[in-house]
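Listed below are the residues making up each chain.
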Amino acid sequence: MQGQGTDTAAEPGLRDRKRARTRQAIRTAGLDLFEEQGFEGTTVDQICRRADVAHRTFFRYYECKEALLFGMDFGAAVLDAFAAAPAGLDLWAAFDHAVATTDGELEEPAEHSVRRRALRHRFIGVRSVHDFGLTVVDAFSQRAVAIAAERLGVDPAVDLRPQAFAALLAGMTRQRIVGGAEVRSLRDWVSAFRDVLGAFERAAAAGAVR
């Protein structure tokens, strides 16, 4: 009975490793093919053959081939850290904390991240890649609204602050991902936004903005 319990406890770990290997095989096959023959010239069937997986298996891991150009749970690490930041911090201080905690990485750290970003930059002009990027940014923005609203204890349908804060995050994320400005870090973008907002606040205090 003890041995059976040990085997049962080990199964989730084995399944997780198998899933990770399958995901890695699909991702590597896709990136290889994108490099070799372009994004539009690559089909899901070709990726499946290269990865040696069934067609249905591909869609258990990725909703479409465009998803291969973006990290899993895009932005989740930063937003998780934003949500978990100390309660006493205001929104920007909490987000600064999140950026510092995660080093501003919007995607999971992996050896293929630089390669994937280069391919994303190369193919962002493809309509389907561009549109998928916008859906990724929108999902990031909507979760940011929910977290900001919870931190402030307000209803985002009534209080504009969560929407306004998320709009800033969405804007800089869109410029990085869709606008091709990924050479600059998220930390740089946060600093630039805070400088702009600081100048606006100073102008408002001086009566130049009404």
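Residues numbered from 1 in each chain as written. Predicted model: local features only at pLDDT ≥ 70, side-chain atom pairs only at ≥ 80, totals over all residues. Heavy atoms only, no water.

Chemist: Explanation requested: the overall build of the protein in the structure shown.
Modeler: Looking only at helices and strands, one finds nine helices and zero strands in the protein. Its helices and strands taken in sequence order, the protein reads α-α-α-α-α-α-α-α-α from the N to the C terminus. Among the 210 residues that make up the protein, the fraction classed as buried is 40%. The long-range fraction of contacts in the protein, counting pairs at least 24 apart against all pairs at least 6 apart in sequence, stands at 65%. Total accessible area on the protein stands at roughly 11800 Å², and carbon and sulfur atoms take up 54% of it. (Helix = DSSP H or I, 4+ residues; strand = E, 2+ residues; numbered from the N terminus. Buried < 20%, exposed > 50% of the residue type's maximum accessible area, 1.4 Å probe, protein only. Contact = heavy atoms within 4.5 Å. Areas by Shrake-Rupley, 256 points an atom, 1.4 Å probe, with all protein chains shown as cover.)

Chemist: Before we go on, may I ask you to explain the environment of Pro86 in this structure?
Modeler: With respect to the element layout, Pro86 can be found in the loop between α4 (76-84) and α5 (91-102). Residues Pro86 and His97, eleven residues apart in the sequence, show an inter-C-alpha distance of 8.7 Å. Beyond its immediate sequence surroundings of up to four residues, Pro86 is in contact with His97 and Arg151.

Chemist: Even after reading the chapter, I still don't get the environment of Glu36, so can you show me in this structure?
Modeler: Its place among the elements puts Glu36 in helix α1 (residues 2-37). Take Glu36: its relative accessible area is 51%, and that puts it in the exposed class. A polar side-chain atom of Glu36 sits 3.0 Å from a polar atom in the side chain of Arg50. (Polar contact = N/O pair within 3.5 Å; in protein donor to acceptor, adjacent residues only side chain to side chain.)

Chemist: Looking at this structure, how should I read the confidence of the model for the protein?
Modeler: When pLDDT drops low, the exact placement of atoms in the prediction is not to be read closely. Put simply, the protein has an average pLDDT of 84, and 82% of its residues get 70 or more. The least confident element of the protein is helix α9 (residues 186-205), whose mean pLDDT is 69; the most confident is helix α2 (residues 44-51), at 98. (pLDDT = per-residue confidence, 0-100.)

Chemist: Would you take a moment to explain the pattern of salt bridges for this structure?
Modeler: Close approach of charged atoms allows side chains of opposite charge to pair. All chains considered together, the criterion is met by seven salt bridges. When the shortest N-O distance is used, the salt bridge between Asp131 and Arg127 registers 3.0 Å. You can see Asp131 and its partner Arg127 sitting in helix α7 (residues 127-152), four residues apart, about one turn around the helix. Salt-bridge contacts for Asp159 lead to Arg161; the nearest nitrogen and oxygen are separated by 2.8 Å. Looking at Asp159, the relative accessible area reads 18%, which means it is buried. (Salt bridge = Lys/Arg side-chain N within 4 Å of Asp/Glu carboxyl O.)

Chemist: I would appreciate a short explanation of the packing of α5 against helix α8 (residues 161-177) in the present structure.
Modeler: In helix packing, the relevant descriptors are the interaxial angle and the interaxial distance, both defined with respect to the helix axes. Here α5 crosses α8 at 35 degrees, and the two axes come no closer than 11 Å. The interaxial crossing formed by α5 with α8 has right-handed handedness. Together, Leu91, Trp92 and Phe95 of α5 and Phe165, Leu168, Leu169 and Met172 of α8 make up the contact between the two elements. (Axes fitted to C-alpha atoms, helices over the stretch in contact; angles between N-to-C directions. Left-handed = near helix turned anticlockwise from the far one by under 90°.)

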